[in-house]
Amino acid sequence: MSKTTVFEVEVMFGDCDPAGIVFFPNFHKWMDAASLHFFVQCGVPPWRELVKTRGIIGTPLLEVHTQFYKPATYGQRLQVHTCVQTWRDKVFIQHHQVRRGEDVLCEGRETRAFCIRHPDDPDRIKAIPIPADIRAQCGG
Ligand SMILES: CC(C)(COP(=O)(O)OP(=O)(O)OC[C@H]1O[C@@H](n2cnc3c(N)ncnc32)[C@H](O)[C@@H]1OP(=O)(O)O)[C@@H](O)C(=O)NCCC(=O)NCCSC(=O)c1ccc(O)cc1
C-alpha cells in the first residue's frame, strides 16, 4: 500500500483573491510541491540528483482533476495529504487531499509520469516505465 505524506502550508494574504479566498491555482501549486515532498519523504533523491544519475528530469503532469469543497483564507494552516492511488506501467495517479485539520477543503488526482529527455529531440521529453526501485520505496 502506498505511503501517505503530509505537506504543511500557511496561507498568505497574497495567495488570496480580492474576496480573501485562496485563488484556485495556488491549490495546484501546493499539490505540485506536495508531490515532490512525497517522493523525497519516501527516500527518492530530488530531481536535480536523479537527472545527473539516471537522466530522470522529474514527474511532469499529464492530467489533473480537482474538486473544491470549502474555501480557505489567509492566516490558516492547511495540510496536503498525498499518496499514490494507482501505479500503471508508465503513469501513476497521485491523490492529494487538502485539509484544514479535520475539514477536507479540496481533492486532486494527478496523472504523472517519470520522464527523461527525448533521445532524438532535446526539445521533447519521454515517459519511461516506472522504475521498480522507486515504486518500492513509495510502498507501491
Ligand atoms: C509525458 C509525455 C512525454 C508522454 O509522451 P510519451 O513518452 O510519448 O508517452 P506515451 O504516449 O507512450 O504514453 C505513456 C503513458 O502516458 C499516458 N499518457 C500520455 N499522455 C497523456 C495525457 N495527456 N493524459 C493522460 N495520460 C497520458 C499514456 O496513456 C501511457 O499510459 P500507459 O498506457 O498506462 O503506459 C508527453 O505526453 C508530454 O510531453 N506531455 C506534456 C507534459 C507537460 O508539458 N506537462 C505540463 C508541464 S510539466 C510539469 O508541470 C512538471 C511538474 C513536475 C515536474 O517534476 C516536472 C514537470
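Computed from a predicted structure; not experimentally measured.

A. Here's a closer look at the site of the ligand. Looking at the ligand, there are 15 residues lining it, with T59, L61, L62, R88 and A127 nearest. Note that a nitrogen atom of the ligand is positioned 3.3 Å from one of the backbone N or O atoms of L62. Relative to its free-state accessible area of 1100 Å², the ligand is covered by the protein chains to the extent of 51%. Mapped by element, the contributors of at least two residues to the shell around the ligand are strand 3 (61-68) and strand 8 (121-127). The residue makeup of the shell around the ligand, split by class, is seven nonpolar, two polar and six charged.

B. The arrangement of the sheet that holds strand 6 (residues 103-113) in detail. On the basis of which strands lie adjacent, the open sheet formed by five strands has the order 1-4-5-6-3 and antiparallel pairing. Here the strands that pair on one side only, and so sit at the sheet edges, are strand 1 (5-10) and strand 3. With strand direction ignored, the average angle separating the axes of adjacent strands in the sheet is 20 degrees. Taken together, the 10 bridges between strand 5 (residues 91-100) and strand 6 define a ladder with antiparallel strand orientation. The residue of strand 6 that forms the bridge with R99 is V104.

C. Local environment of the sheet that holds strand 2 (residues 56-58). Overall, antiparallel pairing links the three strands, which are arranged 2-7-8 in an open sheet. Looking at strand neighbours, the two that pair on one side only are strand 2 and strand 8, the edges of this open sheet. Within the sheet, the average angular offset between the axes of one strand and its neighbour, ignoring direction, is 50 degrees. In this sheet, strand 8 lies alongside strand 7 (residues 115-118) in antiparallel orientation, the contact comprising four bridges. In the sheet register, C115 faces strand 8, and the bridge partner there is A127. Sheet contacts for helix 2 (residues 47-54): strand 2 and strand 7; angle to strand 2, the most-contacted strand, approximately 160 degrees.

D. Structural context of the packing of aromatic side chains. Within this structure, the stated rule accounts for 11 aromatic pairs. Measuring from ring centre to ring centre gives 5.5 Å for W87 and F92, while their planes differ by 35 degrees; the resulting arrangement is tilted. Among the residues examined, W87 registers a relative accessible area of 14% and is labelled buried. For F92, a relative accessible area of 0% puts it in the buried group. Counting every residue linked through ring pairs, the aromatic cluster contains F38, F39, W47, W87, F92 and F114.

The rules behind the values
- Residues numbered from 1 in each chain as written.
- Predicted model: local features only at pLDDT ≥ 70, side-chain atom pairs only at ≥ 80, totals over all residues.
- Heavy atoms only, no water.
- Near = heavy atom within 4 Å.
- Polar contact = N/O pair within 3.5 Å; in protein donor to acceptor, adjacent residues only side chain to side chain.
- Areas by Shrake-Rupley, 256 points an atom, 1.4 Å probe, with all protein chains shown as cover.
- Helix = DSSP H or I, 4+ residues; strand = E, 2+ residues; numbered from the N terminus.
- Nonpolar A, V, L, I, M, F, W, Y, C, P; charged D, E, K, R; others polar.
- Pairing = 2+ DSSP bridges.
- Axes fitted to C-alpha atoms, helices over the stretch in contact; angles between N-to-C directions.
- Contact = heavy atoms within 4.5 Å.
- Phe/Tyr/Trp six-rings, centres within 6.5 Å; stacked < 30°, edge-to-face > 60°.
- Buried < 20%, exposed > 50% of the residue type's maximum accessible area, 1.4 Å probe, protein only.

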